[in-house]
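Structural overview for review
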Amino acid sequence: QVQVVESGGGSVQAGGSLRLSCTASGSITSITAMGWYRQTPGEDRDLVASVTAGDSTTYADSVKGRFTISSDYARRTVYLQMDSLKPEDTAVYYCWLKLYIRYGAGLYTYWGQGTQVTVSS
């Protein structure tokens, strides 16, 4: 059993900052990658940022230079530091982790419950 819990969402004015955290717990052997997607009503869930166990990062063009993803694999945690927030960043943010479970045979993807980020003008 794996549990994924997100925190850090909220409401902020344009230009402000938020820091999202996502922590996984349970029967985890190892994590190969972690990241964040975001979704607005009626739209697809889009990748925001990701980081691998080797610290290779990717970012959506819309957040480059403003968002920073970081990880602590020992603590099974991924962070998303969001600076210079824009109203267009308003969405539900979901963290995800690709991991191996104890006594499992394959790689699985787990998702957080989602956290709302609202940026006002």
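These lines cover the structure that appears in this document, whether it is placed above or below. Here the structure is a predicted model, which is why all the values come from computation and not from measurement.

Things to note about the side chain of Thr 77
Within the secondary structure layout, Thr 77 lies in strand β8 (residues 77-82). According to the relative accessible area criterion, Thr 77 is buried, its value standing at 6%. A polar contact of 3.0 Å, which involves the side chain of Thr 77, links it to the side chain of Thr 23. Among the polar contacts listed, one links the side chain of Thr 77 to the backbone oxygen of Arg 75, at a separation of 2.9 Å. Those residues in contact with Thr 77 that sit more than four places away from it in its chain are Cys 22, Thr 23, Met 34, Ser 70, Ser 71 and Asp 72.

Some words on the nonpolar core
Counting 29 residues, the largest nonpolar core has Trp 36, Leu 80, Met 82 and Tyr 93 as the members making the most contacts within it. Looking at this core, the elements that each hand over two or more residues are β1 (2-7), β3 (18-26), β4 (28-39), β5 (46-52), β7 (67-72), β8, β9 (91-101) and β11 (115-120). Apart from residues lying up to four places away in sequence, Met 82 is in contact with Gly 16, Ser 17, Leu 18, Leu 20, Arg 66, Phe 67, Tyr 93 and Val 117.

Criteria and thresholds
- Residues numbered from 1 in each chain as written.
- Predicted model: local features only at pLDDT ≥ 70, side-chain atom pairs only at ≥ 80, totals over all residues.
- Heavy atoms only, no water.
- Helix = DSSP H or I, 4+ residues; strand = E, 2+ residues; numbered from the N terminus.
- Buried < 20%, exposed > 50% of the residue type's maximum accessible area, 1.4 Å probe, protein only.
- Polar contact = N/O pair within 3.5 Å; in protein donor to acceptor, adjacent residues only side chain to side chain.
- Contact = heavy atoms within 4.5 Å.
- Core = buried A, V, L, I, M, F, W, Y, C linked by side-chain atoms within 4.5 Å.

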